[in-house]
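One-letter residues, chain by chain:
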Amino acid sequence: MEQDINIKITDREGKIHEVIAPTDMAMNLMEVVRSYEIAPEGTIGVCGGMAMCSSCQCYVLSEHELPEMQDDEEAMLSEAFNVKDNSRLGCQLQINPDMEGLEVELAPEI
Amino acid sequence: MITTDILIIGAGPTGLFTVFEAGLLKLKCHLIDALPQPGGQCSEIYPKKPIYDIPAYPEILAGDLTEKLLEQCKQFEPGFTLGERAETIEKQEDGTFVVTTNKGTQHQAPVVAIAGGLGSFEPRKPQIHNIVDFEDKGVEYIIKNPDIYKDKRVVIAGGGDSALDWSIFLSDVASEVTLIHRRNEFRGHLDSVDKVQELKDEGRINLITPAEIIGLVGDEKLSAVVVKQAQHIEKEFEIECDHFIPLFGLSPKLGPIANWGLEIEKNAIKVNNALDYQTNIPGIFAIGDVNTYPGKLKLILCGFHEATLMCQAAYQIINPGKKYVLKYTTVSGIDGFDGTRKEAPKAVVKKIE
């Protein structure tokens with residue numbers, strides 16, 4: 001069986017959620033947030049995960065080595081608001097075993 | 001006053017398919033959409049992206065799906081109010097509804113079908129503290145009438161297709177065009193990027209990157225923008241201008257529909273999924289991504305199903321007590337409101353000797 005990993009997600013109100021995410025369901029971080037309803041439906045993953053809306057922007061708080069940013073994501077983040085050096089789009093982060101212990105914070109809703 | 005049988009709010013795939021299903025029941029439809037073109041998200045966000053779960057289409061581009069749906073419902077002559085957002089709804093004494101848009105266009109129908117997807121697309125406003133003070137006083141988020149920029153000094157911000165395309169267009173209209181973007185790279189069609197490069201080299205577009213607008217200056221009307229440029233050394237300076245057009249894309253908001261007295265859960269409208277997708281207000285239905293019920297899936301194909309069942313209920317409201325049985329299009333053909341008829345070719349009866 002593929003392993004599940006632990007992720008710590010700080011929601012937009014500052015509350016920390018410790019969740020378990022499967023690594024074998026081709027889920028991305030945005031989908032994990034939605035599956036646990038950590039952000040209300042309609043406020044996250046608006047474009048469905050095409051790196052076209054930035055509603056799943058999050059700040060990476062831990063030191064994990066994450067998959068490199070592709071052009072789509074970089075371009076979207078260059079137009080998004082509240083962007084910081086540690087910003088990523090949750091929809092572009094496929095959950096994998098290397099993400100065990102990942103800590104992220106959701107960017108404000110816009 | 002525009003009158004119709006079913007007033008559909010939202011011209012995305014679900015709304016467009018409703019026109020077809022309603023047409024089979026001889027019900028006329030009119031659609032309202034905040035976007036200037038039909039297709040909803042399929043046209044606005046991802047027209048060039050493929051969809052793989054439309055039955056019988058192993059792959060279809062979202063833009064092509066919109067075209068096919070328009071073609072399919074064309075016979076039933078839908079009316080459109082585009083570029084306007086449904087704002088208010090009022091129930092009349094005769095049981096019909098009057099829906100008024102933000103531009104004051106009024107529509108009357110006995111049945112309202114909300115097929116609003118994630119809501120109406122609103123421009124994303126940059127976070128500049130005093131930007132609201134200058135809205136319509138030099139700041140526009142959407143270009144409605146390019147003529148107002150004639151011989152004016154215009155500053156555009158953004159890095160996508162609309163920022164590029166409008167910079168190109170306005171370079172022929174305005175006296176001065178400045179394009180500001182946070183990065184040196186733009187994401188847009190290659191042609192547009194090349195054209196902006198050409199206009200920049202000719203000195204017809206003033207390009208400032210990587211930079212952003214951090215403040216607006218003006219007394220009553222916009223007179224300048226404050227730019228922060230981050231190349232090499234960070235510096236701030238003002239650019240005098242008459243107009244500032246931030247083009248940072250659109251984001252959907254449920255908007256005024258949220259105040260129509262409908263039961264809302266998780267940013268969606270609760271409906272009766274056991275029967276007809278009616279909301280808590282009889283005569284108002286919600287179909288497609290905008291609704292919610294136990295087990296709801298936001299899929300285009302589910303919207304098609306919901307639209308079909310909803311039309312049966314609409315028929316009962318509009319034609320109380322009138323008999324009807326489901327017909328198969330293959331058997332009975334389709335009679336359009338435009339006088340056209342589609343039907344299966346007659347079988348050939350011929351003796352074999």
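Located above this text is the structure these notes cover.
Everything in this summary refers to the structure shown in the same document.

The rules behind these values
- Residues numbered from 1 in each chain as written.
- Chains lettered and ligands numbered in written order.
- Predicted model: local features only at pLDDT ≥ 70, side-chain atom pairs only at ≥ 80, totals over all residues.
- Helix = DSSP H or I, 4+ residues; strand = E, 2+ residues; numbered from the N terminus.
- Buried ≥ 20, exposed ≤ 12 C-beta atoms within 10 Å, placed from the backbone.
- Contact = placed C-beta atoms within 7 Å.
- Rg over C-alpha atoms; globule rule 2.2 N^0.38 Å.
- Pairing = 2+ DSSP bridges.
- Axes fitted to C-alpha atoms, helices over the stretch in contact; angles between N-to-C directions.
- Nonpolar A, V, L, I, M, F, W, Y, C, P; charged D, E, K, R; others polar.
- Core = buried A, V, L, I, M, F, W, Y, C linked by C-beta atoms within 7 Å.
- Right-handed = clockwise from strand over helix to strand, strands pointing away.
- Parallel < 35°, antiparallel > 145°, perpendicular 65-115°, else oblique.
- Left-handed = near helix turned anticlockwise from the far one by under 90°.
- Expected span 1.5 Å × (residues − 1).

### Regarding the overall build of chain B
Link 1 in the chain: Counting its regular elements, chain B contains 7 helices and 25 strands.
Link 2 in the chain: Across its three principal axes, chain B shows a C-alpha extent of roughly 85 × 65 × 40 Å.
Link 3 in the chain: Split into buried and exposed, the 353 residues of chain B put 39% on the buried side.
Link 4 in the chain: Taking the intrachain contacts of chain B between residues at least 6 apart in sequence as the baseline, contacts between residues at least 24 apart amount to 59%.

### With respect to the overall build of chain A
Link 1 in the chain: Assigned secondary structure in chain A consists of 2 helices and 5 strands.
Link 2 in the chain: Listing each helix as α and each strand as β along chain A from the N terminus yields β-β-α-β-α-β-β.
Link 3 in the chain: For chain A, whose C-alpha radius of gyration is 13 Å, the value lies close to the compact-globule estimate of 13 Å for 110 residues.
Link 4 in the chain: Over its C-alpha atoms, taken along the principal directions, chain A stretches across nearly 40 × 30 × 25 Å.
Link 5 in the chain: Split into buried and exposed, the 110 residues of chain A put 35% on the buried side.
Link 6 in the chain: For chain A, restricting intrachain contacts to residue pairs at least 6 apart in sequence, the fraction spanning at least 24 positions comes to 62%.

### Quick word on unusual backbone geometry
Link 1 in the chain: Each neighbour pair has its own omega, and for threonine 209 of chain B with proline 210 of chain B the value is -20°, a cis peptide bond.
Link 2 in the chain: Notably, serine 54 of chain A is not glycine yet its phi reads approximately 65°, a positive angle.
Link 3 in the chain: By the element assignment, serine 54 of chain A lies in the loop between α1 (29-35) and β3 (57-60).
Link 4 in the chain: One non-glycine residue, glutamate 77 of chain B, lies in the positive phi region at around 40°.

### What about the sheet that holds strand β15 (residues 211-219) of chain B?
Residue and element names in this part refer to chain B.
Link 1 in the chain: Spatially, 3 strands are ordered β15-β16-β17 in an open sheet, and the strand pairing comes out antiparallel. Each of the sheet's edge strands pairs with one partner strand only, and the pair in question is β15 and β17 (235-240). Strand after strand, the sheet turns through a mean of 25° between neighbouring axes, direction not considered.
Link 2 in the chain: Sheet topology places β15 next to strand β16 (residues 221-229); 8 bridges connect them, and they run antiparallel. Looking at β16, one finds that glutamate 212 is bridged to lysine 228.

### Brief notes about the environment of tyrosine 277 of chain B
Residue and element names in this part refer to chain B.
Link 1 in the chain: If you trace the backbone, tyrosine 277 turns up in the loop between β21 (268-270) and β22 (284-286).
Link 2 in the chain: When the C-alpha atoms of tyrosine 277 and glutamine 37 are compared, they prove to be 26 Å apart, with 240 residues separating the residues in sequence.
Link 3 in the chain: Residues within four places of tyrosine 277 in sequence aside, it is in contact with Val271, Asn272, Phe285, Ala286, Ile287, Asn291, Glu306, Leu309 and Met310.

### A word on the interface of chain A and chain B
Link 1 in the chain: Contacts between chain A and chain B engage 14 residues on the former and 21 residues on the latter.
Link 2 in the chain: Class assignment for the residues of the side of chain A that touches chain B results in 9 nonpolar, 3 polar and 2 charged.

### Considering the nonpolar core
Link 1 in the chain: Ile6, Val112, Ala113 and Ile114 of chain B are the most contacted members of the largest nonpolar core, which totals 48 residues.
Link 2 in the chain: Ranked by residues supplied to this core, first place goes to helix α6 (residues 300-318) of chain B with 7 residues.
Link 3 in the chain: Once you skip the residues sitting within four places of it in the chain, isoleucine 114 of chain B turns out to touch Ile9, Gly10, Ile257, Ile269, Ile284, Phe285, Ala286 and Val290 of chain B.
Link 4 in the chain: By size, the runner-up hydrophobic cluster in this structure holds 30 residues, among which are Leu29, Met30 and Met76 of chain A together with Ile45 of chain B.

### Regarding the pairing of strand β12 (residues 153-157) of chain B
Residue and element names in this part refer to chain B.
Link 1 in the chain: With 4 of 5 residues buried, β12 lies mostly within the body of the structure.
Link 2 in the chain: Sheet topology places β12 next to strand β13 (residues 176-180); 5 bridges connect them, and they run parallel. Each bridged residue has a counterpart across the sheet, and for alanine 157 the counterpart in β13 is isoleucine 180.
Link 3 in the chain: Once the chain exits β12 it traverses helix α4 (residues 161-170) before rejoining the sheet at β13, and the crossover so formed is right-handed.

### Quick notes on the environment of alanine 286 of chain B
All names here are of chain B.
Link 1 in the chain: Among the secondary structure elements, alanine 286 is positioned in strand β22.
Link 2 in the chain: Classification of alanine 286 as buried rests on a count of 30 C-beta atoms within 10 Å.
Link 3 in the chain: Measuring from C-alpha to C-alpha, the distance between alanine 286 and glycine 303 comes to 9.8 Å, with 17 residues separating the pair along the chain.
Link 4 in the chain: Among residues more than four places away in sequence, those in contact with alanine 286 are Ile114, Ile269, Val271, Tyr277, Thr279 and Asn291.

### Structural notes on the packing of helix α1 (residues 13-24) of chain B against α6 of chain B
Residue and element names in this part refer to chain B.
Link 1 in the chain: For the pair α1 and α6, the least separation of the axes is 9 Å and the interaxial angle reads 40°. Considering their axes alone, α1 and α6 lie oblique with respect to each other. α6 is crossed by α1, and the crossing has right-handed handedness. For the pair formed by α1 and α6, the contact residues are Pro13, Thr14, Phe17, Thr18, Glu21 and Ala22 on the first element and Ile300, Gly303, Phe304, Ala307, Thr308, Cys311 and Ala314 on the second.
Link 2 in the chain: In the contact of α1 with α6, the residues fall into 8 nonpolar, 4 polar and 1 charged.

### Examining α6 of chain B
Residue and element names in this part refer to chain B.
Link 1 in the chain: The first and last C-alpha atoms of α6 sit 26 Å apart over 19 residues, in line with the 27 Å expected at 1.5 Å per residue.
Link 2 in the chain: The complete set of buried residues in α6 reads Ile300, Gly303, Phe304, Glu306, Ala307, Met310, Cys311, Ala314 and Tyr315.
Link 3 in the chain: Contacts from the buried residues of α6 go to β2 (6-9), α1, β10 (111-114) and β22.

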